[in-house]
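Spelled out from the first residue to the last, the chains are:
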Amino acid sequence: MGEATVKTLEGRTATPSSMVEDEVDASPARPRLRPRLPRTPARPSIWFEIMLIAVSYWTYSLIRNAVPEQQSQALRNADWIWQAEQTLGIAVEQSINHAVNSVTWLVVSMNYYYATLHFVVTIGVLVWLYRVHPGRYAAARLVLFATTGVALVGYYLYPLAPPRLMNGQNFIDTVLVHDTWGSMASGDLKNMSNQYAAMPSMHIGWSVWCGLIIFALAAAPWAKILGLLYPTLTLVVIVATANHFWLDAVGGVVCLAFGFGVSYAWYRALPHQLPQLVVASPRDPGGGLRRFLPTARG
C-alpha cells in the first residue's frame, strides 16, 4: 500500500510526517485522576453497637484508672498550669468557683450536671444518630472513640491534679462542701477513679462532639442552638466546680480535632457529609427501599 496523502488548502497533496505519528504513538496515556469517594457506610447492628459501646467504656475506665496517679508530679503540673494561666491573664477559675459556691441551688445543680449529663447527653446523641442518621453513625462514633483513645495517652503522659486538689490555692470542692452525689473523684467514690487525670477534659471533648453533631444535623433551629449551648455550659460547670482548668478544655478540643481527623482519613468525609441513610443489604427485607440521601436532614 502506498503512503497516505492529505489534500492541502492549495489543492496539492502532501504526505503526513511519520515523526508526528511516532510522537503520538510514543506519548504515554495520561491516567485520569479519580476523586476519592467517601466509603459506603455500613448498616449498624443494634446489639453489636450496645456491646461495643459498653466494652469500650469499660476498657476506657479500666485503662484510665490503671494509669499511675503520680500525685507529686500531678500537683507540680497543676501549679505550672495555674501560673501559666495567671501569666496569660485567664486565671479566673478561682473567682468563678467561689462565686458559684455562694449560690447553693446553682452549685448543687452544677454538681449533678457534672456527674450525669456527661453520659446521658452523649448516649442520647448516639441513639439519635443510630435511629435517624444511620449512614453517619459509624463515622461520628469513630470520632468519639478516637478522641477518647488519644485522651488516655494524655492521662498517662501528663498527670494533672484538678484545681480542687491543689495545695494552698483555696479552691472549693463543691461536691464535698454541699454533700452532693456524683463525683467519681470525691468522697467515698474517690478510690474508684484516678483523681489526677484532668488533662485533657473529656467533659469538653464529648460535649463539643455532641454540640457539633447536633448543630450540623438537627433540622430545628432551637435544637441547633441547644447544641451550641451544651458545650458552653459544660465549660462553665467544669470550671465552677473546680474539676478542671481552662487549659484542660483546650486539651479536650485538641483531642476532638484528632478524632475528626481519624474519621475523615477513614471515611474520606466528615460525618455530616455522608448520606443520612444506608443502602440495605439484599438479605435485609425490611430496608429494600432505602437509598442514599446525602442532603437529607432529620
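Just above sits the structure.
Below is a short write-up of the structure.

Reading the values: the criteria
- Throughout this description, residue numbers start from 1 for each chain and increase along the sequence as written.
- Two thresholds apply to this predicted model, a pLDDT of at least 70 for residue-level local features and 80 or more for giving and counting side-chain atom pairs, whereas whole-chain, interface and lining totals are computed over all residues.
- Excluded from the side-chain calculation are hydrogens and water; included are all heavy atoms of the structure.
- Labels follow the DSSP assignment, with helices taken as runs of H or I lasting at least four residues and strands as runs of E lasting at least two, numbered in each case from the N terminus.
- Exposure classes here rest on a 1.4 Å probe applied to the protein chains alone. A residue is buried below 20% of its type maximum, exposed above 50%, and partly exposed in between.
- Whether two residues are in contact is decided by their heavy atoms: any pair within 4.5 Å suffices.
- Here the open area of atoms and residues is found with the Shrake-Rupley method and a 1.4 Å probe, where only the protein chains shown may cover a residue.
- Two rings from Phe, Tyr or Trp (for Trp, the six-membered ring) form a pair when their centres are within 6.5 Å of each other. A pair whose planes differ by under 30 degrees is stacked, one over 60 is edge-to-face, and the rest are tilted.
- In this scheme, Lys NZ or Arg CZ marks a charge over a ring once it lies within 6 Å of the ring centre and within 35 degrees of the ring normal.
- Patch members must show over 30% relative accessible area and no salt bridge, and they are joined within 9 Å when carrying like charges or within 5 Å when they are nonpolar side chains of Val, Leu, Ile, Met, Phe, Trp or Tyr.
- By convention in these notes, a salt bridge is any Lys or Arg side-chain nitrogen within 4 Å of a carboxyl oxygen on Asp or Glu.
- Here the axes come from fitting lines to C-alpha atoms, over the contacting stretch only for helices, and the angles between their N-to-C directions go from 0 to 180 degrees.
- When describing relative orientation, an angle under 35 degrees is termed roughly parallel and one over 145 degrees roughly antiparallel, while 65 to 115 degrees is termed roughly perpendicular and anything else oblique.
- Definitions for this section: a left-handed crossing has its near helix turned counterclockwise from the far helix by less than a right angle. A right-handed crossing has that turn clockwise.
- Three classes are used, and their members are as follows: Ala, Val, Leu, Ile, Met, Phe, Trp, Tyr, Cys and Pro are nonpolar, Asp, Glu, Lys and Arg are charged, and the others, Gly among them, are polar.

Remarks on the overall build of the protein chain
Line of reasoning, step 1. Each helix and strand in the protein chain was counted, giving 10 helices and two strands.
Line of reasoning, step 2. The helix and strand sequence of the protein chain, counted from the amino end, reads β-β-α-α-α-α-α-α-α-α-α-α.
Line of reasoning, step 3. Every one of the 298 residues in the protein chain was classed for burial, and the buried ones make up 41%.
Line of reasoning, step 4. Taking all contacts inside the protein chain whose residues are at least 6 apart in sequence as the whole, residues at least 24 apart take part in 78%.
Line of reasoning, step 5. Of the roughly 17,300 Å² of accessible surface on the protein chain, 64% is carried by carbon and sulfur atoms.

Overview of the packing of aromatic side chains
The geometry of two aromatic rings is summed up by the distance between their centres and the angle between their planes.
Line of reasoning, step 1. The full count for this structure, using the stated rule, is five aromatic pairs.
Line of reasoning, step 2. For the pair phenylalanine 119 and tryptophan 206, a centre-to-centre distance of 6.5 Å together with 80° between the ring planes defines the contact as edge-to-face. Of this pair, phenylalanine 119 sits in helix α5 (residues 104-132) while tryptophan 206 sits in helix α8 (residues 202-217), and the two are 87 residues apart along the sequence.
Line of reasoning, step 3. With centroids separated by 5.6 Å and ring planes inclined at 85°, the aromatic side chains of tyrosine 130 and tyrosine 137 adopt a geometry described as edge-to-face.
Line of reasoning, step 4. Linked through ring pairs, Trp82, Phe171 and Phe245 together constitute an aromatic cluster.
Line of reasoning, step 5. The cationic tip of arginine 141 hangs over the ring face of phenylalanine 145; the distance from NZ or CZ to the ring centre is 5.9 Å.

Some thoughts on a nonpolar patch on the surface
Line of reasoning, step 1. Together, Tyr57, Phe119, Ile123 and Val127 make up an exposed nonpolar region whose accessible area comes to about 340 Å².
Line of reasoning, step 2. In terms of residue count, α5 provides more of the nonpolar patch than any other element does, three residues in total.
Line of reasoning, step 3. Considering the arrangement of structural elements, one finds isoleucine 123 in helix α5.

Thoughts on the packing of helix α6 (residues 134-157) against helix α10 (residues 246-267)
Line of reasoning, step 1. In contact at an axis separation of 7 Å, α6 and α10 are set at 135° when each is read in the N-to-C sense. Considered as vectors, α6 and α10 are oriented oblique to each other. Taken as a pair, α6 and α10 cross one another with a handedness that is right-handed. Between α6, through Ala138, Ala139, Leu142, Val143, Ala146, Thr147, Val150 and Ala151, and α10, the contact on the second element is made entirely by Cys255, Leu256, Phe258, Gly259, Phe260, Val262, Ser263, Trp266 and Tyr267.
Line of reasoning, step 2. Taken together, the residues that form the contact of α6 with α10 break down as 14 nonpolar, three polar and no charged.

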